[in-house]
8 protein chains.
Amino acid sequence: MTPDQLRSLLEEVRAGAVDVESAMGRMRHLPFEDLGFAKIDHHRALRHGMPEVVFAQRKTPEQVIAITRQLLENSPNVLITRADRDCATAVCQQLVGGEYFPMSGAIRFWRDRVPKGRGFIAVLCAGTSDIAVAEEAQVTAEVMGNEVTPIHDVGVAGFHRLMHYRERLTEARVIVVCAGMEGALPSAVGGMVSCPVIAVPTSVGYGASFHGLAALLGMLNSCASNVTVVNIDNGFGAGYVASLINRP
Amino acid sequence: MTPDQLRSLLEEVRAGAVDVESAMGRMRHLPFEDLGFAKIDHHRALRHGMPEVVFAQRKTPEQVIAITRQLLENSPNVLITRADRDCATAVCQQLVGGEYFPMSGAIRFWRDRVPKGRGFIAVLCAGTSDIAVAEEAQVTAEVMGNEVTPIHDVGVAGFHRLMHYRERLTEARVIVVCAGMEGALPSAVGGMVSCPVIAVPTSVGYGASFHGLAALLGMLNSCASNVTVVNIDNGFGAGYVASLINRP
Amino acid sequence: MTPDQLRSLLEEVRAGAVDVESAMGRMRHLPFEDLGFAKIDHHRALRHGMPEVVFAQRKTPEQVIAITRQLLENSPNVLITRADRDCATAVCQQLVGGEYFPMSGAIRFWRDRVPKGRGFIAVLCAGTSDIAVAEEAQVTAEVMGNEVTPIHDVGVAGFHRLMHYRERLTEARVIVVCAGMEGALPSAVGGMVSCPVIAVPTSVGYGASFHGLAALLGMLNSCASNVTVVNIDNGFGAGYVASLINRP
Amino acid sequence: MTPDQLRSLLEEVRAGAVDVESAMGRMRHLPFEDLGFAKIDHHRALRHGMPEVVFAQRKTPEQVIAITRQLLENSPNVLITRADRDCATAVCQQLVGGEYFPMSGAIRFWRDRVPKGRGFIAVLCAGTSDIAVAEEAQVTAEVMGNEVTPIHDVGVAGFHRLMHYRERLTEARVIVVCAGMEGALPSAVGGMVSCPVIAVPTSVGYGASFHGLAALLGMLNSCASNVTVVNIDNGFGAGYVASLINRP
Amino acid sequence: MTPDQLRSLLEEVRAGAVDVESAMGRMRHLPFEDLGFAKIDHHRALRHGMPEVVFAQRKTPEQVIAITRQLLENSPNVLITRADRDCATAVCQQLVGGEYFPMSGAIRFWRDRVPKGRGFIAVLCAGTSDIAVAEEAQVTAEVMGNEVTPIHDVGVAGFHRLMHYRERLTEARVIVVCAGMEGALPSAVGGMVSCPVIAVPTSVGYGASFHGLAALLGMLNSCASNVTVVNIDNGFGAGYVASLINRP
Amino acid sequence: MTPDQLRSLLEEVRAGAVDVESAMGRMRHLPFEDLGFAKIDHHRALRHGMPEVVFAQRKTPEQVIAITRQLLENSPNVLITRADRDCATAVCQQLVGGEYFPMSGAIRFWRDRVPKGRGFIAVLCAGTSDIAVAEEAQVTAEVMGNEVTPIHDVGVAGFHRLMHYRERLTEARVIVVCAGMEGALPSAVGGMVSCPVIAVPTSVGYGASFHGLAALLGMLNSCASNVTVVNIDNGFGAGYVASLINRP
Amino acid sequence: MTPDQLRSLLEEVRAGAVDVESAMGRMRHLPFEDLGFAKIDHHRALRHGMPEVVFAQRKTPEQVIAITRQLLENSPNVLITRADRDCATAVCQQLVGGEYFPMSGAIRFWRDRVPKGRGFIAVLCAGTSDIAVAEEAQVTAEVMGNEVTPIHDVGVAGFHRLMHYRERLTEARVIVVCAGMEGALPSAVGGMVSCPVIAVPTSVGYGASFHGLAALLGMLNSCASNVTVVNIDNGFGAGYVASLINRP
Amino acid sequence: MTPDQLRSLLEEVRAGAVDVESAMGRMRHLPFEDLGFAKIDHHRALRHGMPEVVFAQRKTPEQVIAITRQLLENSPNVLITRADRDCATAVCQQLVGGEYFPMSGAIRFWRDRVPKGRGFIAVLCAGTSDIAVAEEAQVTAEVMGNEVTPIHDVGVAGFHRLMHYRERLTEARVIVVCAGMEGALPSAVGGMVSCPVIAVPTSVGYGASFHGLAALLGMLNSCASNVTVVNIDNGFGAGYVASLINRP
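Residues numbered from 1 in each chain as written. Chains lettered and ligands numbered in written order. Predicted model: local features only at pLDDT ≥ 70, side-chain atom pairs only at ≥ 80, totals over all residues. Heavy atoms only, no water.

**Side note on the interface of chain G and chain F**
Counting residues at the interface gives 22 residues for chain G and 22 residues for chain F. Between chain G and chain F, a total of about 1900 Å² is buried, with carbon and sulfur atoms accounting for 69% of that surface. On the chain G side of the contact with chain F, G:Ala157, G:Glu182 and G:Asn221 bury the most area, a combined 31% of that side's loss. At the boundary of chain G with chain F, the tally comes to 0 salt bridges. Put simply, chain G and chain F have 9 residue pairs in polar contact (both at pLDDT 80 or more) between them. If you list the elements that add at least two residues to the side of chain G that touches chain F, you get α7 (159-164), α9 (185-192) and α10 (213-220) of chain G. (Contact = heavy atoms within 4.5 Å. Buried area = accessible area lost by both parts, 1.4 Å probe. Salt bridge = Lys/Arg side-chain N within 4 Å of Asp/Glu carboxyl O. Polar contact = N/O pair within 3.5 Å; in protein donor to acceptor, adjacent residues only side chain to side chain. Helix = DSSP H or I, 4+ residues; strand = E, 2+ residues; numbered from the N terminus.)

Below, the structure written as structure tokens:
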């Protein structure tokens, strides 16, 4: 309920068009619906001006389909993340317009493709094993109306590869950097550019990488001041925030 | 060395105005100077369009003064972080125009006060003990040309206090949220607004807070998609990135 | 052996009705039986006035059935937790009256349904993925004679959903809150109400949630004073303690 | 703002006694005051029916005194926790009626001593080094209107000491158990009684106690179902929740 | 090579019966043989007066059989630990006299059954899920010539069960105590008896048990002075050391 | 209360010499006294046949003296551990016969010096920095009636030093090994001898030793089967258990 | 681009043979090619004088084959690590000359077998379970032109086995030591020899080995000064660095 | 005792010049002396061809002086590490020729300055706060006969600074890299050069650097294959191994 809606309601109360108990009822009524297993919050799309997102992990295909169908009635764009192949098959059979990205498990309904950003977003990954996470970031940023430049396999031990893209990087509005192992790439990129860098630690690695912990700690301790961090493997979150930053 | 500078240089080589060895020498010459104990990088200020920053911890007052004096010759604004009282006293005696913030240990030389941001930055803290970190974020964002709205003591267990500021928060371009203990405030704020939220875990707490680890993990696992995280107590980093996001 | 039983025994000794060695033997005899693989303790039900509980994990269906059959002879209500589908099928075929809850793996024998509580218990969960843990808490509290109000999917990033239930929550005698990821919901609920809140971290999440550790630490560091915590995914324990608190 | 207050306000709007903008203003006005460094929330005392509490750590004596003076105007009972000796001296000089407990650092203003509980609360500690934490729990529970039975130095390796108090323990409504090192006492007590047990890990120990982590993990994994846990050294929280449980 | 053997050798050198190079060769020759993938060390059995032990995990059935066959030529008793069912089937088919214990995965060749201990060893476990570890300890202690009294399911939350065995426990020469979850049993047992107690944390539990870490830390911090600890699930090590302690 | 005492009591009840209520009272009366801040348990000395021990850390000199004075009335030998210099000075002034060991902080009252062991105990340490912990083990074992052979500075990187003592080590009944850093010495010693080895990790080291954690984990994972472990820096516990093992 | 190449290029610019834009283009052109999913960097082989290496984990057999085929065109020797059996089968069918090592998962193309080292490299492992990691180190060192002496199953608890190889070890130029569990072997070896020792913690162990963490910490805290450490199970890295050290 | 010495001894036995018992005595006599608190091992200097090293931490100035004096009689060069100012003052007063380095706490006796290396060693540090650790590495490498090139303040976020030294780095035989915070510098350097890189994590940083743990994990997970790691702040170890690698 926005201030304007509240003002209208109070004016209706004042005018006697709405009685007190009804007004109280309406003020308590918030715009979400109940599907039994999940409250769908159309308000969120309004609040954030963003597509709705469904986190498919631990949900059955039936639940994912039901939620998505409901969302598609109000939102032109819907993003499903972390869907396995069975779920994706079911969703794409039942609902028209879904595009599946098997590496990252994303499914995208992208009906409103009007560009919304100020500039472009670069999405980097350090090694070929980090591509799945980078893909999730890219799919997210695109469905939110951004132009994305993906740059893969530019890890810090082959620094000249990264230097190759230096000029392109300095033109980006915001950069998402996905890296596992020691997680050093965001610091190197951060030192090169003056835009915000969103670091995504990935769980790629073995031994003392402790499933992404080493990369996470490395990124949190970055000596570059323009780096912030999201959760391990959270490509979606990085793409989402990058989109917010890129908005006019 | 920018592409344009390189092009000019190559043209001079072509024209015979510069010989090959000199060209090689110049191409190797990068714009930093050597004070013996620290390489000062004026290039960085150029690259980022940002004030220079001196991290005072583990440096002697003499080192801090020498570095700062050098920087002030090229940069209108200089920020010193983590200075103790002795260092601050020495700096403010030796160098004109320093402003000391004892809670956070920041010293600010703020000579260019032209506003540079699109909107304003809100800086929140959950409890009174988190103010030191919030102050560092605020001082940083201001010296980088931003209007800042500080909002203190709005922790999640007294949610109605936070609600009080709801409207102001929805108008911010970017929000910095400092919280120790369970670190829940960024999620609550993130759910309220549609702009990027930068979460700063603080080391406030005791017992199983493990010096900020609990807050850090909480923030990384935020269920709000618009939240990114910086290092524990890193108010400076949060203020810095918030400024980058707020730039036109 | 209660003080009264001891007194009676000593009086029989005094009267010569029981000789010394027999008395010593009886005093050593405590009311548990030996099934070979597990000592069943009917005394516990007496002591706690509570149904017997069987923890099925790592037990064979045969062991679960044997223990449960024995318990059902003395206790009207028996609760089995963490039973997989095979175990549940076997139990429900062999023993009359079992009710299986597949999400949480609980099996309930609920023969004495007399209400025993002072008020009602609210059981909340933050996301749809936390429902399994919430179900275990609900099933436990019900079999122990409590009215339960379940409220699902009210995570802190959509705070208005939680506000919707505010009035109902303030009427509860005790509230169980299940949340994974950052575990912020118990603090928000705790700040709203004045009754005890039992927080259950769930292992829902990924990356730096570290299988529930992030939620656990967040809950232990809650800034709300009325929050206590149980083990990760321990819906049973939360429902059990909530029942004790709700007893007259 | 309670539903009744809201209803009255809306009726005034309807009657024309209050105009729309004023109503919107009042609905936004929540009952807390701003001291500059901390928002005091009288609403909380109302909501919880509890004394106000000031956490003194990281606050100056002046801040503690200012907050406490403000609170004493509305609350008969105020509890200050974690005050060092300097702070305590200042508070007790400036404000009448403060009682200082040096082991735990609590200061208590206890003007309303009407008993409010159903039964009594037992507060146990395992070793003499845990007494400080137990004292904080006892002081808290008493100022909240409860009768408290303290039982000290009954660690699990001298189990017969604990058995000595068995009967008294079975009569308690709720038991707080403070223990460091291996943290085994809550399980042993929990197995003896049928009331809720609130376990407080203490940072007492050395080596692999890791400042209370060993005790914390032990208590979270308790095999007794009636145990919940609060943060390390959080005697206040345990006393607070115990009081809530003991309320009629 | 014992001092006596060395002395003999030197005397032969002195007498000219052995030349210098041969003596050097012999002094270098230590009593182990090489099977290619594992050096078998008959010396160890001599040194420790103990049966040979084969750790089957990560070895193929063929490797286990080859090593065991070799050992059986020199040692009357051989113990294989951590054998899965396939390995056990192969071993028992190929080698005569093997006895398989499926819960713990031990295989025992027990040809010399002469008792070697001073008293008996008690092996306790806290819950039925800890029996596998206790069995490994028992099998080990028996094959090393000890009388063992197993006592199962006497966890600390049902303390009266443990008390039932108090007298038997005070007669043991050494006690092995296996417990998961909070690992409190060794402290309770340690406080009851005056013999050494060897604590074995088990990986039984869930959530914050962290695969036995909680039990391990609890046992290391035991307030009973007569407790030492072995690795998580290391029933073999506990049975082995208990046997050494029980030797005359 | 021993079985014999119980039997006598019951016979008195039978004979009418003791009435029922008195018998119940006596059965409840356990042999400990209350000094207000600590329950002294003379029973423990009887149960374990061991000297009484006072843990001085976190106790005032006055408390230590009061407890020690009480204990000296019933026990010929008393050991105080972890006393700082102030405490030691006060104790040795007030109580006759105390011997202070400043490295480890032990104070020993050793009035009954009758040897009680079967053989001797060797106490090794890896480096000179580990001597304090070894001293605590030695002082403890001596006051409990054992002959002790201390062997210092025989770390595993200078293996020939350890080999020098090989023969002496093989004659010991039990060996205590104190080591910080990587904690490898117990494994090396354990492989050399056939008696039990008690490993004491020390907090000596820096960086990734994490205050003894590295040594602790190393010892728990020892590939020698005759090694058990006590808490970090717990020389007392090691000396105590070694004494129990050495008893006839 | 080497300084010489740069010099030539600049001279061509000077001579007018190359125009400015072409020069800029060439200077930007770095010697790597793009296969779409991975940038192949032939430059690296030149820079390091080393064979190319493909990390097969998380790559499809098709990707591994494509990358390897490309590399084999420029490098005589190629090493693939962490290939599972399916991948190995596909690679060896498609590409001539591959040799598969199933324990470690290495595939080796070894066409240039000219020895390149100063001396030989010894590769030790503590137990038979560590052989897989040692094999990876050996295969790597051999393909890089080194003579390797493998020594298996010489763990520190059977120290005389290690002593058997003492002379051979003192002749090595560099030693790789693979050990799990307590990770003590590198310290013992390091104390014996004067060459560099590269320690490889392995994930062999159980319980408190925490998948190699115990061994890793032990090795980092080695009391031998000639020990450095690589990641858990990183036999490849150890063999690689050993080869670099052994180069003339 | 070398094989040659053993051979001589045996030949003397054979010739009757040495009797059997004397030979046994001599074979047992290893070349270390006993100062009471520390065994000095002159053999080590012989074995490693290296200066003797004294670790001053936790030793009294008197102990350090006594050990050092003894060592100076046999070794031309002696290095003392981790000496505080008091210790250094005492050492330099009592012993001639000591040179104190206050940042790292090293004291160096450097009497034999003959160069012993094949090439030079580069010692890098990422920030000015890491210089203390780099100094320890440099002092160590120099006293062991190596030419050292120190390069300070070349962290990865200012990558062009590092590039400035690229040519010099490619000429080094071995490189030591000290870095705190995210520890990314070794990977960047490792990717630039083909010699071995020894990474030293430093405890420089705050918050989630966890006293060097973040840097340590980052370095262990380096994507550059030529990187090995030593303990946190272990500049000495890095300088020592670098010297071994640089030996002809």
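**Quick notes on the pattern of salt bridges**
If you walk through the whole model with that rule in mind, you get 56 salt bridges over all chains. For the salt bridge of E:Arg108 with E:Glu142, the shortest nitrogen-to-oxygen distance reads 2.9 Å. Of this pair, E:Arg108 sits in strand β6 (residues 106-110) while E:Glu142 sits in helix α6 (residues 131-143); the two residues are 34 residues apart in sequence, bridging distant segments of the chain. The closest approach of N and O atoms between F:Lys116 and F:Asp112, which form a salt bridge, is 3.4 Å. The exposure class of F:Asp112 is partly exposed, given its relative accessible area of 25%. (Buried < 20%, exposed > 50% of the residue type's maximum accessible area, 1.4 Å probe, protein only.)

**Comments concerning the sheet that holds strand β3 (residues 52-55) of chain H**
Pairing between the strands of a sheet comes from backbone hydrogen bonds, and it takes one of two forms, parallel or antiparallel. All names here are of chain H. Pairing is mixed in the open sheet, where 4 strands are placed in the order β3-β4-β6-β5. This sheet does not close on itself; its edge strands, each paired only once, are β3 and β5 (98-101). For this sheet, the mean inter-axis angle between neighbouring strands, taken without regard to orientation, is 15°. Relative to strand β6 (residues 106-110), strand β4 (residues 77-81) runs antiparallel, the two sharing 4 bridges. Bridged to Val78 within β6 is Phe109. (Pairing = 2+ DSSP bridges. Axes fitted to C-alpha atoms, helices over the stretch in contact; angles between N-to-C directions.)

**Focus: the packing of aromatic side chains**
Describing an aromatic ring pair means giving the distance of the ring centres and the angle of the ring planes. With the rule as written, the count across this model stands at 16 aromatic pairs over all chains. A centroid spacing of 5.6 Å and a plane angle of 55° characterise the contact between G:Phe236 and G:Tyr240, whose relative ring orientation is tilted. One end of the pair is G:Phe236 and the other is G:Tyr240, both in helix α11 (residues 235-246) and 4 residues apart, which spans about a single turn. Of the residues examined, G:Tyr240 reaches a relative accessible area of 5% and is grouped as buried. The ring of A:Phe120 has A:Arg168 sitting right over it, with the charged end atom 3.7 Å from the ring centre. It is G:Arg113 that lies over the ring of G:Trp110; its NZ or CZ is 3.8 Å from the centre. (Phe/Tyr/Trp six-rings, centres within 6.5 Å; stacked < 30°, edge-to-face > 60°. Lys NZ or Arg CZ within 6 Å of the ring centre and 35° of its normal.)

**Quick look at the pairing of strand β6 (residues 106-110) of chain D**
Residue and element names in this part refer to chain D. Taken across its 5 residues, β6 has 5 buried, putting it largely inside the fold. Here β6 shows two buried faces, one formed by Ala106, Arg108 and Trp110 and the other by Ile107 and Phe109. For strand β5 (residues 98-101) and β6, the ladder comprises 4 bridges, and the chain directions are antiparallel. Looking at the pairing, Gly98 lines up with Phe109 of β6. In textbook terms, the turn of a hairpin is the stretch between consecutive antiparallel strands, and for β5 and β6 this stretch comprises 4 residues, one of which, Gly105, has a positive phi near 80°.

**Overview of the relation of the copies chain G and chain H**
Superposing the two chain copies requires a rotation about an axis and a translation along that axis. With an axial shift of 0.1 Å and an RMSD of 0.2 Å, the rotation relating chain G to chain H amounts to 180°. In symmetry terms, the pair is related by a two-fold rotation axis. Residue G:Val229 of chain G places its C-alpha closer to the rotation axis than any other residue of that unit, at 2.5 Å. Both copies share a contact surface, since 100% of the interface residues of chain G are interface residues in chain H too. (Least-squares fit on C-alpha atoms with pLDDT ≥ 70 in both.)

**Description of the packing of helix α4 (residues 61-72) of chain C against helix α5 (residues 85-94) of chain C**
Residues and elements named next belong to chain C. Direction vectors running N to C along α4 and α5 enclose 40°, while the axes themselves pass 9 Å from each other. For the element pair α4 / α5, the angle class is oblique. As α4 packs across α5, the resulting crossing turns out to be right-handed. Contacts from Pro61, Val64, Ile65 and Arg69 in α4 reach Cys87, Ala90, Val91 and Gln94 in α5. Partitioning the contact of α4 with α5 into residue classes produces 6 nonpolar, 1 polar and 1 charged. (Parallel < 35°, antiparallel > 145°, perpendicular 65-115°, else oblique. Left-handed = near helix turned anticlockwise from the far one by under 90°. Nonpolar A, V, L, I, M, F, W, Y, C, P; charged D, E, K, R; others polar.)

**Re the interface of chain G and chain H**
Contact residues are listed per partner, giving 33 residues for chain G and 33 residues for chain H. Taken over both partners, the interface formed by chain G and chain H buries close to 2600 Å², and the fraction arising from carbon and sulfur atoms is 56%. It is G:Ser194, G:Leu220 and G:Ser225 in chain G that bury the most area against chain H; as a group they hold 21% of the surface buried on that side. At the boundary of chain G and chain H, one finds 0 salt bridges. One can count 10 residue pairs in polar contact (both at pLDDT 80 or more) joining chain G with chain H. Taken together, the residues of the side of chain G that touches chain H break down into 17 nonpolar, 10 polar and 6 charged.

**A few points about the sheet that holds strand β3 (residues 52-55) of chain F**
All names here are of chain F. The sheet built from 4 strands is open, its strands ordered β3-β4-β6-β5 with mixed pairing. At either end of the open sheet lies a strand with only one pairing partner, and these are β3 and β5 (98-101). Across the sheet, the mean angle from the axis of one strand to that of its neighbour is 15°, orientation sign disregarded. Of the pairings in the sheet, the one linking β3 to strand β4 (residues 77-81) comprises 4 bridges and is parallel in character. Bridged to Val54 within β4 is Ile80.

**A closer look at the side chain of A:Asp233**
Assignment of secondary structure puts A:Asp233 in the loop between β11 (227-229) and α11 (235-246). Buried charged residue A:Asp233 carries no salt bridge. Nearest counter-charge: A:Arg82, at 5.8 Å. With near-sequence residues (within four places) excluded, A:Asp233 lies in contact with A:Arg82, A:Val133, A:Glu136, A:Val200, A:Pro201, A:Thr202, A:Ser203 and C:Tyr206. (Lys, Arg positive; Asp, Glu negative; His and termini not counted.)

**A short note on the pairing of strand β9 (residues 174-179) of chain C**
All names here are of chain C. Taken across its 6 residues, β9 has 6 buried, putting it largely inside the fold. The pairing of strand β7 (residues 120-125) with β9 spans 5 bridges and is classified as parallel. The residue bridging Leu124 from the neighbouring strand is Val177, located in β9. Relative to strand β10 (residues 197-201), β9 runs parallel, the two being bridged by 5 bridges. From the neighbouring strand, Val176 faces β10, where its bridge partner is Ile198. Read as a crossover between parallel neighbours, the route from β9 over helix α9 (residues 185-192) to β10 is right-handed. (Right-handed = clockwise from strand over helix to strand, strands pointing away.)

**Considering helix α4 (residues 61-72) of chain A**
In this model α4(A) runs 16 Å from its N-terminal to its C-terminal C-alpha over 12 residues, within 8% of the 16 Å that 1.5 Å per residue would give. Within α4(A) the residues assigned to the buried category are A:Val64, A:Ile65, A:Ile67, A:Thr68, A:Gln70, A:Leu71 and A:Leu72. (Expected span 1.5 Å × (residues − 1).)

**What to know about unusual backbone geometry**
One non-glycine residue, B:Asp153, lies in positive phi territory at about 65°. Mapped onto the secondary structure, B:Asp153 falls in the loop between β8 (147-151) and α7 (159-164).

**A closer look at the packing of α6(E) against helix α11 (residues 235-246) of chain E**
For any two helices packed against each other, the geometry comes down to the angle between their axes and how far apart the axes lie. Residues and elements named next belong to chain E. Where α6 contacts α11, the axes come no closer than 7 Å and their chain directions differ by 35°. As for the relative orientation of α6 and α11, their crossing is right-handed in sense. For the pair α6 and α11, the contacting residues are Val133, Glu136, Ala137, Thr140 and Ala141 in the first and Gly235, Phe236, Gly239, Tyr240 and Ser243 in the second. A class-by-class count of the residues in the contact of α6 with α11 yields 5 nonpolar, 4 polar and 1 charged.

**Quick notes on the environment of D:Leu71**
All names here are of chain D. Structurally, Leu71 is set in helix α4 (residues 61-72). Taking the relative accessible area as the measure of exposure, Leu71 reaches 3% and is therefore buried. Taking the C-alpha atoms as reference, Leu71 lies 6.8 Å from Glu52; in sequence the two are 19 residues apart.

**Describing the confidence of the model for chain A**
All names here are of chain A. In this model, chain A carries an average pLDDT of 86, and 87% of its residues clear a pLDDT of 70 or more. Predicted confidence for residues 28-34 stays below pLDDT 50, and this span has 20 contacts to residues more than four positions away or in other chains. Counting contacts from residues 41-48, a segment whose pLDDT is below 50, to residues more than four positions away or on other chains yields 33 contacts. If you check the scores for this complex, the pTM reads 0.85 and the ipTM reads 0.83. (pLDDT = per-residue confidence, 0-100.)

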